[in-house]
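Close look at the chain arrangement
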Amino acid sequence: MSFRIGATVLIDYDGNAVQSYNFKVRRILGDLQKVLKFLDTYEVDEIHAIVPYKGKGVNNSFKIFSNLSNISISTPLGIGGGITTENIKEITQDPFFERCIFNSAIFNNPRLLQETKSIMGHQSMVASIPFIINDETLMIYNSENDGFQAIEGELYKEISSNFNEIILLDANAEGSKKGFNFEVFDYIEFPIDRVLISGGLTKNDIKKAKKMGLAGVSIDNFVLHSEYSIKGLR
Amino acid sequence: MLINIIDIGLGNVGSIEHWLDRSNLFYKRVFQIEDFTNDAIIIPGVASAGEYMRKLKEIGLDGELVKRSKQGQKIIGICLGFQLLTDYSEEDGGVECLGILKGSTKYIDNRKTHNGWDSFHLDARELSGNTHIKKKKKKIASGRVYFNHELKVELECMSHTSKLDNNITSFAIRDNIFGFQFHPEKSQRTGQEILELII
């Protein structure tokens, strides 16, 4: 199985593609269809299309995903952000995606995770884990509270049993080239071949990730700007 | 040509339509027996075997698919669609499937999953003379294809089967039956090449 080079596309509430820097600043990138078509032509290995809710905002995801389903792409797709117990049946009725990506449900909604797993299969379950490391403590992001919290043993078990893969996003390095913080692997208990990393990745980081045997990387802004060659990285 | 896509409210029908659109092929969604044309039938993936078979039986499409397969109509099963062609699947506590291909569908060893890209090669000249495939200028589809599954097909006898290094059956072709464990509709250029070769 080959090392995967994926791309993350963030989608705002109006359905535009946006870029995010340092987990704080966002900039509109443009029309979602154009961005996805570009990535499709560029033959990235997979696309993670995320509606990044922060806090308990109005959930518009069903409409956004509905529009997304009309875009013809031949690249594997994972969707996330605003998947709820209320809309999961509608979203998965004609799944135009292969993976479901969760964040807040990791902390508070095992029912949603079980339901999704029963419809889509364990292979579809992906956890998005933005992280920071503060004073030798790993803190992971919970979008519902819009804050970082320390990770505990029980949560590791939940993540291991519910998810097939995890995406570790270095929140401090997001959107930059300052380097991914590999120290996170001192804290995370998850099979390494089921981990993708994102945020601040340099070419050397990508080589290192490949050498470590990770499942892949997601290189968001740099792919969108064509700064890295996918074929070269493969 | 009007390709049939099984649409019983389950499976990634929209993605299959996009796949066919990209090769300018015509299709229709099949909800009931009366909807079928005599062209190829696609059984999509991305659903669970128990629920899918339950709905097929409810509508009576299970028997119709078996009948049409015996009459020589081309059937293309994708991911779950491939698994449903076998006799039995371990998914959902055990499910009797269509039995169009002798064999069964089992969880991958140690309940692992298989996600990502693997290589693919199909040379139409290596297929049996009975294979329902038109003679075309282009004889080969080759490249990489996308897998995302936790069950695998184990066949008892096939005329043309391809296995990966991890012993997972990548695809199987016998006469008018085509089964793909991967997702050709999400396999970029190679996926389109496969479609244009087999249709």
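Here, the structure is the one placed above.
Below you will find a few notes about this structure. (Residues numbered from 1 in each chain as written. Chains lettered and ligands numbered in written order. Predicted model: local features only at pLDDT ≥ 70, side-chain atom pairs only at ≥ 80, totals over all residues. Heavy atoms only, no water.)

**Here we look at the overall build of chain A**
Within chain A, the regular secondary structure consists of 9 helices and 12 strands. For 234 residues, the compact-globule estimate of 2.2 N^0.38 gives 17 Å, and chain A sits close to it at 16 Å. Along the first, second and third principal axes, the C-alpha atoms of chain A reach 40 × 40 × 35 Å. Of the contacts formed within chain A by residues at least 6 apart in sequence, a portion of 64% connects residues at least 24 apart. Total accessible area computed for chain A in this model is approximately 9,700 Å², and 48% of it derives from carbon and sulfur atoms. Both charge centroids of chain A, one from 24 positive and one from 29 negative side chains, sit 5 Å from each other. (Helix = DSSP H or I, 4+ residues; strand = E, 2+ residues; numbered from the N terminus. Rg over C-alpha atoms; globule rule 2.2 N^0.38 Å. Contact = heavy atoms within 4.5 Å. Areas by Shrake-Rupley, 256 points an atom, 1.4 Å probe, with all protein chains shown as cover. Lys, Arg positive; Asp, Glu negative; His and termini not counted. Charge placed at Lys NZ, Arg CZ, Asp CG, Glu CD.)

**Concerning the interface of chain A and chain B**
On the chain B side, the residues contacting the 34 residues of chain A number 29 residues. For the pair chain A and chain B, the two sides together bury roughly 2,500 Å², of which 41% comes from carbon and sulfur. We note a salt bridge from Lys186(B) to Glu98(A), for which the minimum N-O separation is 3.1 Å. The tally of links from chain A across to chain B stands at 21 residue pairs in polar contact (both at pLDDT 80 or more). If one sorts the elements of the side of chain A that touches chain B by residue count, helix 5 (residues 110-120) of chain A sits on top with 3 residues. (Buried area = accessible area lost by both parts, 1.4 Å probe. Salt bridge = Lys/Arg side-chain N within 4 Å of Asp/Glu carboxyl O. Polar contact = N/O pair within 3.5 Å; in protein donor to acceptor, adjacent residues only side chain to side chain.)

**Some points on helix 6 (residues 153-162) of chain A**
Residues and elements named next belong to chain A. By the burial criterion, the buried members of helix 6 are Leu155, Tyr156, Ile159 and Asn162. Angular distribution of buried residues about the axis of helix 6 spans 150°; they occupy a single face of the element. Turned more than 90 degrees from where helix 6 packs its buried face, Glu154 and Lys157 sit exposed. In this fold, the buried residues of helix 6 make contact with helix 4 (104-108), helix 5, strand 7 (125-134), strand 8 (137-142) and strand 10 (165-170). (Buried < 20%, exposed > 50% of the residue type's maximum accessible area, 1.4 Å probe, protein only. Arc of directions from axis to C-beta.)

**A short note on helix 2 (residues 61-69) of chain A**
Of all the residues in helix 2 of chain A, the buried ones are Ser61(A), Ile64(A), Phe65(A) and Leu68(A). An end-on view of helix 2 of chain A places all buried positions within 95° of arc, on one side of the element.

**Structural notes on the environment of Phe148(A)**
Residues and elements named next belong to chain A. Tracing the backbone through its elements, the reader meets Phe148 in strand 9 (residues 147-150). Relative accessible area serves as the criterion here: at 28%, Phe148 is assigned to the partly exposed category. Once the C-alpha coordinates of Phe148 and Phe131 are considered, the two residues, 17 residues apart in sequence, prove to be 7.4 Å apart. The residues touching Phe148, leaving out its near neighbours within four places in the chain, are Phe23, Pro130, Phe131, Ile132, Met139, Ile140, Tyr141 and Ala171.

**So, the packing of aromatic side chains**
All names here are of chain A. Following the criterion strictly, the structure yields 13 aromatic pairs over all chains and no others. Ring plane angle 15° and centroid distance 5.5 Å describe the contact between Phe38 and Tyr42, whose orientation is recorded as stacked. Taken together, the positions of Phe38 and Tyr42, both in helix 1 (residues 32-42) and 4 residues apart, correspond to about one turn of that helix. Note on Tyr42: relative accessible area 27%, which makes it partly exposed. Plain terms: the ring middles of Tyr141 and Phe148 are 5.2 Å apart, the flat faces sit at 55° to each other, and that makes the pair tilted. With a relative accessible area of 5%, Tyr141 lands in the buried category. (Phe/Tyr/Trp six-rings, centres within 6.5 Å; stacked < 30°, edge-to-face > 60°.)

**Observations regarding the pattern of salt bridges**
Pairing is possible between side chains that carry opposite charge, provided their charged atoms lie close to one another. Counted by the stated rule, this structure contains 19 salt bridges over all chains. In this structure, Asp7(B) engages Arg29(B) in a salt bridge whose closest nitrogen and oxygen atoms are separated by 3.0 Å. Residue Asp7(B) is located in the loop between strand 1 (3-6) and helix 1 (13-22), and its partner Arg29(B) is located in strand 2 (residues 27-30); the two are separated by 22 residues in the primary sequence. Linked by salt bridges that have partners in common, Arg4(A), Glu46(A), Arg99(A) and Glu165(A) make up one network.

**Focus: the sheet that holds strand 12 (residues 169-174) of chain B**
Strand pairing in a sheet relies on backbone hydrogen bonds, with the paired strands running either antiparallel or parallel. Residues and elements named next belong to chain B. The strand order across the open sheet formed by 7 strands is 2-1-3-4-13-12-11, and the pairing between neighbours is mixed. The open sheet has two free edges, formed respectively by strand 2 and strand 11 (160-163), since each of these has just one partner strand. On average, each strand axis in the sheet is inclined to that of its neighbour by 15°, with strand direction left out of account. Of the strands in this sheet, strand 1, strand 3 (41-43), strand 4 (75-78) and strand 13 (177-180) touch helix 3 (residues 61-70), which is tilted by about 130° from strand 3. (Pairing = 2+ DSSP bridges. Axes fitted to C-alpha atoms, helices over the stretch in contact; angles between N-to-C directions.)

**Notes on the packing of helix 2 (residues 49-59) of chain B against helix 3 of chain B**
Angle between the axes and distance between the axes are the two parameters that describe a pair of packed helices. Residues and elements named next belong to chain B. Look at helix 2 against helix 3: their axes get within 5 Å of each other, and the N-to-C directions meet at 85°. Looking at the two axes, helix 2 sits roughly perpendicular to helix 3. Between helix 2, through Met53, Leu56, Lys57 and Ile59, and helix 3, the contact on the second element is made entirely by Leu61, Asp62 and Leu65. Here the contact of helix 2 with helix 3 is built from residues that sort into 5 nonpolar, no polar and 2 charged. (Parallel < 35°, antiparallel > 145°, perpendicular 65-115°, else oblique. Nonpolar A, V, L, I, M, F, W, Y, C, P; charged D, E, K, R; others polar.)

**Considering the sheet that holds strand 6 (residues 95-96) of chain B**
Residues and elements named next belong to chain B. Sheet architecture is open: 4 strands sit in the order 6-5-7-10, paired in mixed fashion. In this open sheet, the two strands that pair with only one neighbour each are strand 6 and strand 10 (151-155). The sheet contact formed by strand 5 (residues 88-89) and strand 7 (residues 103-107) spans 2 bridges and is parallel. From the neighbouring strand, Ser89 faces strand 7, where its bridge partner is Thr105.

**Comments concerning the nonpolar core**
When a protein is soluble and globular, its nonpolar side chains tend to lie buried together. Residues and elements named next belong to chain A. Counting residues in hydrophobic clusters, the biggest one holds 66 residues, and the most contacted among them are Leu68, Leu168 and Ile197. In terms of residues, this core owes the most to one element, strand 7, which gives 5 residues. When sequence neighbours within four positions are dropped, the list of residues in contact with Ile197 reads Leu168, Phe180, Phe182, Phe185, Ala209, Leu214, Gly216, Val217 and Ser218. (Core = buried A, V, L, I, M, F, W, Y, C linked by side-chain atoms within 4.5 Å.)

Treat this as a map of the structure, not an account of what it does.
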